[in-house]
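Residues per chain, in single letters:
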Amino acid sequence: MNDDIQKVLYSEQKIQDTCAELGKTLTTDYQDKQPLVICVLKGAVPFTADLIKRMNIYMDVDFIDVSSYKGGISSTGEVELVKDIDTDVSGRDVLFIDDIIDTGNTLEYLKDLLKNRGAKSIKICTLMDKPEARKVDAIKADYVGFDVPNEFLVGYGLDYQGKYRNLPYVGILKPEVYQR
Ligand code: 5GP
Ligand code: MG
Ligand code: MG
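Quick look at the structure, then. (Residues numbered from 1 in each chain as written. Chains lettered and ligands numbered in written order. Predicted model: local features only at pLDDT ≥ 70, side-chain atom pairs only at ≥ 80, totals over all residues. Heavy atoms only, no water.)

### Regarding the packing of helix α1 (residues 12-29) against helix α2 (residues 45-52)
- Packing of α1 against α2 brings their axes to within 8 Å, and their N-to-C directions diverge by 60 degrees. It follows from the interaxial angle that α1 and α2 lie oblique. By crossing handedness, the relation of α1 to α2 is classed as right-handed. The segment α1 lies against α2, with Q16, C19, L22, G23 and L26 engaging F47, D50 and L51.
- Per-class residue counts for the contact of α1 with α2 are five nonpolar, two polar and one charged. (Axes fitted to C-alpha atoms, helices over the stretch in contact; angles between N-to-C directions. Helix = DSSP H or I, 4+ residues; strand = E, 2+ residues; numbered from the N terminus. Parallel < 35°, antiparallel > 145°, perpendicular 65-115°, else oblique. Left-handed = near helix turned anticlockwise from the far one by under 90°. Contact = heavy atoms within 4.5 Å. Nonpolar A, V, L, I, M, F, W, Y, C, P; charged D, E, K, R; others polar.)

### A word on the coordination of the magnesium ion (ligand 2)
- Here the magnesium ion (ligand 2) is held by D98 (OD) and D99 (OD), and the distances to it run 2.5 to 2.6 Å. In this structure, D98 and D99 share a single accessibility class: buried. (Donors = N, O, S within 2.8 Å, 3.2 Å for Na, K, Ca; no water. Buried < 20%, exposed > 50% of the residue type's maximum accessible area, 1.4 Å probe, protein only.)

### Notes on the environment of V170
- Along the chain, the position of V170 falls in strand β8 (residues 170-173).
- Judged by its relative accessible area of 0%, V170 is buried.
- Counting along the chain gives 158 residues from V170 to E12, while the straight-line C-alpha distance between them is 8.0 Å.
- Setting aside residues up to four positions removed in sequence, V170 forms contacts with V8, L9, Y10, I15, M128, L153, V154, G155 and Y156.

### Here's the deal with the site of ligand 1
- The environment of ligand 1 is made up of 15 residues, and the closest members are T103, T106, K130, L153 and D159.
- Within the side chain of D99, an N or O atom sits 2.8 Å from an oxygen atom of ligand 1.
- A distance of 3.5 Å separates an oxygen atom of ligand 1 from a polar atom in the backbone of N105.
- Protein chains shield 86% of the accessible area of ligand 1, which is 510 Å² for the free molecule.
- Contributing elements (two or more residues each) for the shell around ligand 1: β5 (93-101) and α3 (105-116).
- Here the shell around ligand 1 gets four residues from one element, more than from any other, and that element is β5.
- Partitioning the shell around ligand 1 into residue classes produces five nonpolar, four polar and six charged. (Near = heavy atom within 4 Å. Polar contact = N/O pair within 3.5 Å; in protein donor to acceptor, adjacent residues only side chain to side chain. Areas by Shrake-Rupley, 256 points an atom, 1.4 Å probe, with all protein chains shown as cover.)

### Considerations on the pattern of salt bridges
- Taken as a whole and judged by the stated rule, the model has seven salt bridges.
- Across the pair K53 and D50 runs a salt bridge whose closest N-O atoms are separated by 3.7 Å.
- With a shortest N-O distance of 4.0 Å, K130 and D102 are connected by a salt bridge. One end of the pair, K130, is in the loop between β6 (121-129) and β7 (143-147); the other, D102, is in the loop between β5 and α3, and 28 residues separate them in sequence.
- In this structure K130 comes out as buried when scored by relative accessible area, which is 9%.
- Overall, D102 belongs to the partly exposed group, its relative accessible area being 33%. (Salt bridge = Lys/Arg side-chain N within 4 Å of Asp/Glu carboxyl O.)

Now the structure itself:
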């Protein structure tokens, strides 16, 4: 599997250092809030697992899954709820954890959903942000690990056809992989 990677953009060490840094900031910001941390499946699983271990606070953790309809290669902007959380969010400080923000459609949908259910505050922590690809200008991450180039990335949660999520780093695939 490692042989399919052309270039490593963010090494395992660099990602771990970033998790430690973000975890420290979040520990301060959420000290007395006992946030509801929501992992956006499936891509945010590795990041959530590493990040929450760096947050020295009481928290609840839940999981949500959405899918965006892809019309060809680009997102149509329509988002569908695939798996809901089990937790009551009314009056809660919610922190979404996501792998990457691209168009912003997914997080716009998720923020609206929980706002309507009465969350007290809603913030977003993403490992990666692709500001150049944004279509929903109102969506900004409150905590960002890396601003990334507008390229197709895999690893550390990010997949190509369901694979490569288990790579411990983020990289770019060799062009021949797409021709298989
Ligand atoms: P958005 O709704 O912001 O356009 O979608 C974000 C989702 O698109 C991410 O959670 C991720 O699943 C997918 N995505 C965006 N950019 C990339 C990328 O470079 N590589 C991969 N594998 N998935 C991406
Ligand atoms: Mg995602
Ligand atoms: Mg995907």
